[in-house]
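So you can see what is in the structure, the chains are spelled out below.
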Amino acid sequence: MTTLRAFTCDDLFRFNNINLDPLTETYGIPFYLQYLAHWPEYFIVAEAPGGELMGYSATALMLCMFTVMGKAEGSVAREEWHGHVTALSVAPEFRRLGLAAKLMELLEEISEKKGGFFVDLFVRVSNQVAVNMYKQLGYSVYRTVLEYYSASSGEPDEDAYDMRKALSRDTEKKSIIPLPHPVRPEDIE
């Protein structure tokens, strides 16, 4: 049975094999510690029975860990107070089991309790598996952010979709009305 729990500092030394997945954005330890200090309720892991995290032991036993990391940000006065999904990562061999959906549901519930108008996230335009999953969870493309993701190996930077899902506080669904034109990263508040 999978256990959902709060992320702890010790997990920083136990989740590299998930975090190093090519579809997962990685950050330095200070970045994770900042989120853990400021928004601990938005930092959740799921782990396999026995408390073992995703990895290979001497017996080649594969266990799982999944993480979701987010925060609350924006302006209440402008109806922009919202939950933001900073990272959602599920080990490749444990995808398509509904764990990402469950973690997203938890983050949405926390955002509702904090009075958010919507939840948003950024996803690579090329990551159609993730885009489709988020659409199935009720998210829609709000805008395209040009060259949001830095490329490596001399390739061009990649665009992102800013996807949003309105929460109950946004009764008129204003937060998800798509922008008619793309924006640049420096135009994002």
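Shown above is the structure to which this text applies.
Residues numbered from 1 in each chain as written. Predicted model: local features only at pLDDT ≥ 70, side-chain atom pairs only at ≥ 80, totals over all residues. Heavy atoms only, no water.

Novice: When you look at unusual backbone geometry in this model, what are you seeing that I'm missing?
Specialist: Trans peptide bonds make up the majority, and among non-glycine residues the majority have a negative phi. Positive phi, close to 50°, is recorded for Glu-147, a residue that is not glycine. With respect to the helices, strands and loops of the structure, Glu-147 is situated in strand β8 (residues 140-149). A positive phi angle is found at Lys-173, which is not glycine, with a value near 60°. Take Lys-173: it is sitting in the segment after β9 (158-166). (Helix = DSSP H or I, 4+ residues; strand = E, 2+ residues; numbered from the N terminus.)

Novice: I keep staring at the pattern of salt bridges and nothing clicks. Help me out?
Specialist: Opposite charge on two side chains lets them pair, provided their charged atoms get close. Here the structure, examined in full by the defined rule, presents eight salt bridges. With a shortest N-O distance of 3.1 Å, Glu-108 and Lys-165 are connected by a salt bridge. Separated by 57 residues along the polypeptide, Glu-108 in helix α3 (residues 99-113) and Lys-165 in strand β9 bring together distant segments of the chain. In this structure, Arg-184 and Glu-147 form a salt bridge, with 2.7 Å as the shortest nitrogen-oxygen distance. Residue Arg-184 is found in the segment after β9, and its partner Glu-147 is found in strand β8; the two are separated by 37 residues along the sequence. By relative accessible area, which is 31% here, Arg-184 ends up partly exposed. Taking relative accessible area as the criterion, Glu-147 reaches 38% and is therefore assigned partly exposed. Taken together, the shared-partner salt bridges connect Glu-147, Arg-184 and Glu-186 into one network. (Salt bridge = Lys/Arg side-chain N within 4 Å of Asp/Glu carboxyl O. Buried < 20%, exposed > 50% of the residue type's maximum accessible area, 1.4 Å probe, protein only.)

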